[in-house]
Amino acid sequence: MSNIFSKDEDILSSPAIVGYQVLSYAKKKKVKKISIFDVADHFKKEKWFSTKNLYFAMIFLFAMNLIEFDKSYINLVQVIED
């Protein structure tokens, strides 16, 4: 069984860090609803990017009750404060 957190992976690709980057990107765009495709397109050139990392980050954010899903959109429940 795979783990959502692994001591062998780069910390920058951990679900918590990737999730924070997703929330920061949405805040920078000043939106509370963002397409998962827009998020993937924005981060596709990052060193950490893989569908697995993005998937685990979404699971992490959902488990923390920070986002909700509406079809192919991510609705932000909590917005990051400065």
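Everything below is about the structure shown above.
Small disclaimer: the values here were computed from a predicted structure and weren't measured.

So, how was this worked out
- Counting from 1, residues in each chain are numbered in the order their sequence is written.
- Whole-chain, interface and lining totals are the exception, using all residues; otherwise, since this is a predicted model, local features are given only for residues with pLDDT of at least 70 and side-chain atom pairs are given and counted only at 80 or more.
- In computing side-chain values, all of the structure's heavy atoms are included and hydrogens and water are not.
- Pairing between two strands is assigned when DSSP locates at least 2 bridges connecting them.
- In DSSP terms, a helix is any run of H or I states spanning at least four residues, a strand is any run of E spanning at least two, and both are numbered starting from the N terminus.
- Residues grouped as a nonpolar core are buried Ala, Val, Leu, Ile, Met, Phe, Trp, Tyr and Cys residues, joined through side-chain atoms within 4.5 Å.
- A 1.4 Å probe rolled over the protein chains alone gives each residue an accessible area, and that area as a share of the maximum for its type sets the label: buried under 20%, exposed over 50%, partly exposed in between.
- Working rule for contacts: check all heavy atoms of both residues, and any pair within 4.5 Å makes them a contact.
- A fitted line through C-alpha atoms represents every axis, and for helices the fit uses only the stretch in contact; the resulting angles, taken between N-to-C directions, go from 0 to 180 degrees.
- Here the word oblique covers every angle except those under 35 degrees (roughly parallel), over 145 (roughly antiparallel) and from 65 to 115 (roughly perpendicular).
- Under the scheme applied here, ten amino acids are nonpolar (Ala, Val, Leu, Ile, Met, Phe, Trp, Tyr, Cys and Pro), four are charged (Asp, Glu, Lys and Arg), and all others, including Gly, are polar.

Q: Please set out the pairing of strand S2 (residues 67-70) residue by residue, giving values where relevant.
A: As judged from the 4 bridges shared by S2 and strand S3 (residues 73-76), these two strands associate in the antiparallel manner. Bridge pairing links Phe69 to Ile74 in S3.

Q: Which residues make up the pairing of S3, and what values go with them?
A: One face of the sheet, then the other: side chains in a regular strand alternate in exactly this way. In this structure, strand S1 (residues 33-35) lies alongside S3, joined through 3 bridges in antiparallel fashion. From the neighbouring strand, Lys33 faces S3, where its bridge partner is Asn75. Following S2, the chain reverses through 2 residues before pairing antiparallel with S3; Lys71 in that reversal takes a positive phi of roughly 60°.

Q: Account for the nonpolar core, naming residues and giving values.
A: Counting residues in hydrophobic clusters, the biggest one holds 17 residues, and the most contacted among them are Val22, Val39, Met58, Leu61 and Ile74. Broken down by secondary-structure element, the contributors of at least two residues to this core are helix H1 (15-29), helix H2 (36-43), helix H3 (51-63) and S3. Setting aside residues up to four positions removed in sequence, Leu61 forms contacts with Gly19, Val22, Leu23, Leu66 and Ile67.

Q: Give a detailed account of the packing of H1 against H3, specifying residues and quantitative values.
A: With their axes 8 Å apart at the nearest point, H1 and H3 run at an angle of 80° to one another. Put simply, H1 runs roughly perpendicular to H3. Between H1, through Pro15, Ala16, Val18, Gly19, Val22 and Leu23, and H3, the contact on the second element is made entirely by Asn53, Leu54, Phe56, Ala57, Met58, Phe60 and Leu61. The residue makeup of the contact of H1 with H3, split by class, is 11 nonpolar, 2 polar and no charged.

So, to be careful, I would describe these as geometric facts and stop short of saying anything about function.
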